[in-house]
Amino acid sequence: MGIPPQREDIIINFDCQFEVRLKDSTLSSILAAFAELLTQMLTDFIQKVLIGFGEYWMTLKKKPFTCKHCGNDKHFTWKTRHGKPTKIHAFYRWVELQQLQVLCKHCGSKIYITRKLLGMESRKRIAATIYRKLGLLGSLTTYRVAEKIGGMFGWAVDKMTIWSAFQKTGSEIDFKLDGNELPQGEADGTGVGINGIAKRGKELKVFVQYKKGGGVRVAGLDIGNYNGAWDKLFKNSIEVFKGFRRRFLLITDGDTTILDALKGKVKVLVQRCLWHIPYQAKYVLWQDAVKHKSEGWLYVMSELMEICAIRPYVDCKDTIKKMLESKRKRLEEVIVHCRQKGYNHTLSYLENARPDMFTAIEKRLNGKTSSKVERVMRTVNMRANVSKWSEAGALNVTKIRLAYYYNGFDA
Ligand SMILES: [Zn+2]
């Protein structure tokens, strides 16, 4: 083992002696023995590298560490290179390292430098880079599968470690709108299986934002009761909403509680709610001085009531197509009537509404894939349905998966 301390790169000469028992010389026996050997070497290898860099640090005039008691960062001597053992996770397995400890020449304090050398926070047993890897793994497949595949490569990581890494990774992920992407998005909810609650007891709420280059990113995520509690979904994004130069266009399937979550905080444009159109029509007809319940008033109102009534659960494409044709034709006739009669407020109101009125039903016509949030939901369900989750577990698995597939999270 030799350490040239003048350079930034340090070369560790690693001589090792090992003993592995093999029953035969088949390739599978050799590889199994090699996997065993590799993990055995891991502890020694880490220990030697740490001592190598520790020796290098001690040659530096100004040290990369400081005495917490007196602030000295120059004068230290070795206390020990093989001190009290400490356990850390080294991705392939847990390893026990002997701590490196130095002595402050000014005040006599003893300082462990092992974690500092490893780039880990003091007293932590798993580095962020490691638990994020394990967390991603645990969210992309089941723990059992992760354990099985790992085992094939000589890994010794237990399900519990993967589970806790995965909860921690998920709890650190937060979503919000990106001010540099489009001021447009969709919000929707879907049922998820939660431990102890009937299959459709809770709703997973997802808020996606459209990206300039196409596709979507996730801007909000929560699990809660049906009809309500959308606040958490938008909470991080309120300031970003306000920062867009154009008003944000939010597309929803009409769950009005979604809008309640934004009321009084930020104004967004929403795909038109058909329920409101006849109500608004009463007002514009009044502006046009059309007498209440006169022939003209009754014609416009009754037609709009029928045009705006969308029967739910019609799932026959041809029927929807015919319905749309008929509704469009009748709307045109109402518009022509208003123009001829000089109902100018009503005319401009209906002409404005016309392009957005049937978006939702057209979406149904084109199949569910036209809703971008629907695709996101399917990505979630692939994993969320594998097993029954606690509410926190379901939220965390979903967070990691979506961050990985849509927001560039990687480990
Ligand atoms: Zn000191």
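Just above sits the structure.
Here is a short report on the structure shown in this document.

About the criteria used
Residues numbered from 1 in each chain as written. Predicted model: local features only at pLDDT ≥ 70, side-chain atom pairs only at ≥ 80, totals over all residues. Heavy atoms only, no water. Helix = DSSP H or I, 4+ residues; strand = E, 2+ residues; numbered from the N terminus. Buried < 20%, exposed > 50% of the residue type's maximum accessible area, 1.4 Å probe, protein only. Contact = heavy atoms within 4.5 Å. Areas by Shrake-Rupley, 256 points an atom, 1.4 Å probe, with all protein chains shown as cover. Pairing = 2+ DSSP bridges. Axes fitted to C-alpha atoms, helices over the stretch in contact; angles between N-to-C directions. Parallel < 35°, antiparallel > 145°, perpendicular 65-115°, else oblique. Left-handed = near helix turned anticlockwise from the far one by under 90°. Nonpolar A, V, L, I, M, F, W, Y, C, P; charged D, E, K, R; others polar. Donors = N, O, S within 2.8 Å, 3.2 Å for Na, K, Ca; no water. Tetrahedral: all angles 85-135°; square planar, octahedral: opposite > 155°, others 65-115°.

Counting its secondary structure elements, the protein contains 15 helices and 10 strands. Per-residue burial over the protein gives 43% buried out of 411 residues. Considering only intrachain contacts with a sequence separation of at least 6, the fraction spanning at least 24 residues in the protein is 63%. Total accessible area on the protein is roughly 23700 Å²; 52% of this is exposed by carbon and sulfur atoms.

Another aspect to go through is the pairing of strand 8 (residues 216-224). Burial within strand 8 is extensive, with nine of its nine residues counted as buried. As paired elements, strand 7 (residues 202-210) and strand 8 share eight bridges and run antiparallel to each other. The partner of V208 across the bridge, within strand 8, is V218. In this antiparallel pair of consecutive strands, strand 7 and strand 8, the connection spans five residues, and G214 shows a positive phi of 95 degrees.

Packed helix pairs are characterised by how far apart their axes lie and by the angle those axes make with each other. It is the contact of helix 9 (residues 277-287) with helix 10 (residues 295-308), at a shortest axis distance of 9 Å, that shows an interaxial angle of 160 degrees. Between helix 9 and helix 10, the angle falls in the class roughly antiparallel. Between helix 9 and helix 10 the crossing geometry is right-handed. Contacts between helix 9 and helix 10 pair I277, P278, A281, K282 and L285 from the former with W297, V300, M301, L304, M305 and C308 from the latter. Residue classes in the contact of helix 9 with helix 10 are distributed as 10 nonpolar, no polar and one charged.

Let us now look at the coordination of the zinc ion. Donor atoms from the polypeptide that bind the zinc ion are C67 (SG), C70 (SG), C104 (SG) and C107 (SG), placed at 2.3 Å. Seen from the zinc ion, its four donor atoms lie at angles of 103 to 116 degrees, and the figure they make is tetrahedral. The sequence pattern formed by the donor residues of the zinc ion is C-x2-C-x33-C-x2-C. Residue C70 is located in the loop between helix 1 (27-59) and strand 1 (76-80), and its partner C104 is located in strand 4 (residues 101-104); the two are separated by 34 residues in the primary sequence.

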